[in-house]
Amino acid sequence: MNGGPSGFNNAPITRAFVISCVIFTIVFGIQGRSNNLGISYEDIFKKLRLWKLIVSVFAFSSTPELMFGAYLLYYFRVFERQISSNKHSVFILFSLSVSLLLEFLAVALLKDPSLSSLTSGPYWLIFSAFVPFFFDIPISTRFRVPGLRFSDKTFIYLAGLQLLLSSWKRSMIPGICGILAGSLYRLNFFYIRKLKFPEFIASFFSRLSLPSVGSTSSAVPTRNVMGNVPTYAAGRQVEVNQPTPVSSTPEPPEDSIATLVSMGFDRTSARQALVHARNDINTATNILLESQSH
């Protein structure tokens, strides 16, 4: 399973965020200060080290955490494509605010000496994104290993589990707080899902971020990995050259159509995407998500 077309095409906020995480982690790692970036009540409210609050949002405390974290952030770019960069910015700000509040409350209530400072890094954003990943991304393939069942989503969950347990309690609390923040966003707490930032926010990050490998211009129709297929947006069809013949494709299953409709796509576009994806629901999802971004 993948997160849609490769690169950061139509995901400028995620691209800028990942680049920031890499830069902050490398810079403070070279300085040997990566293990001292975790936020604590004393640092923020007594010593007023506000710079630490900003840095801890981006910088991971170790290279393995950066690798797993950057991979998950890159995969979850699919949600920015789905809801637009303007709304995804609100999701990021809401997740950050709620997670930080919950983290400080957890540390104050638990009074555990080992939690004097929590691990740094965007755990709040990664684990907030696991909420829509669980509810909105369908399973497209299942497979067995002797005695065990897995799906194509298993590897994402395993990467998240590795990150969640990387520093034990110091990483579990930010992860759990992120999940709670993502749940509140999904429940439309204070009607947060209706808000979005102005259009210039996405435009700014599009110009600010470096060109990413594998990204394509939005003016060029996207070529799906399964072949040359048309994409659909706002009830209109955008054709690409030499579309894949679909006459032999069986009628899409009703449950697959229902799954895509539950993700917010209209029924006609969902059916057409399934036809051109040869009833592969994951590929059909990628077609629909990419078409929404144009």
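Residues numbered from 1 in each chain as written. Predicted model: local features only at pLDDT ≥ 70, side-chain atom pairs only at ≥ 80, totals over all residues. Heavy atoms only, no water.

*Asks:* Give a description of the packing of aromatic side chains that names residues and reports values.
*Replies:* Counted according to the given criterion, the structure contains 22 aromatic pairs. Relative to Tyr185, the ring of Phe91 lies with its centre 5.0 Å away and its plane at 75°, an arrangement referred to as edge-to-face. Placement of Phe91 in helix α6 (residues 85-110) and of Tyr185 in helix α9 (residues 169-186) is noted, with a sequence separation of 94 residues between them. Aromatic pair Phe143 and Phe155: ring centres 6.1 Å apart, planes at 15°, arrangement stacked. Taken together, the residues span a long stretch of sequence, with Phe143 in strand β1 (residues 142-145) and Phe155 in helix α8 (residues 154-164) at a distance of 12 residues. Clustering of aromatic rings is evident, with ring pairs tying together Phe60, Tyr75, Phe76, Phe79, Tyr123, Phe127, Phe130, Phe133 and Tyr157. The residue whose ring lies beneath Arg77 is Tyr74, and the NZ or CZ to ring-centre distance is 3.9 Å. Seen from the ring of Phe133, Lys153 lies directly overhead, with NZ or CZ sitting 4.6 Å from the centre. (Phe/Tyr/Trp six-rings, centres within 6.5 Å; stacked < 30°, edge-to-face > 60°. Helix = DSSP H or I, 4+ residues; strand = E, 2+ residues; numbered from the N terminus. Lys NZ or Arg CZ within 6 Å of the ring centre and 35° of its normal.)

*Asks:* Before we move on, can you summarise the pattern of salt bridges with the specific residues and values?
*Replies:* Across all of its chains, the model carries seven salt bridges by this definition. Where Lys169 meets Asp112, a salt bridge forms, and the shortest distance between an N and an O atom there is 3.0 Å. On the criterion of sequence distance, the pair formed by Lys169 in helix α9 and Asp112 in the loop between α6 and α7 (123-136) is long-range, its members being 57 residues apart. The partly exposed category is assigned to Lys169, whose relative accessible area is 36%. Arg271 is paired through a salt bridge with Glu251; the nearest N and O atoms lie 2.8 Å apart. Of this pair, Arg271 sits in helix α12 (residues 267-276) while Glu251 sits in the loop between β4 (236-238) and α11 (254-262), and the two are 20 residues apart along the sequence. (Salt bridge = Lys/Arg side-chain N within 4 Å of Asp/Glu carboxyl O. Buried < 20%, exposed > 50% of the residue type's maximum accessible area, 1.4 Å probe, protein only.)

*Asks:* Can you explain the nonpolar core? Please cite residues and give values.
*Replies:* Counting 55 residues, the largest nonpolar core has Phe17, Leu72, Phe76, Ile126, Phe130, Phe133 and Leu260 as the members making the most contacts within it. Apart from residues no more than four positions distant in its own chain, Leu72 is found in contact with Ile126, Phe130, Ile156, Ala159, Gly160 and Leu163. (Core = buried A, V, L, I, M, F, W, Y, C linked by side-chain atoms within 4.5 Å. Contact = heavy atoms within 4.5 Å.)

Everything listed here is a matter of geometry and, on its own, says nothing about what the molecule does.
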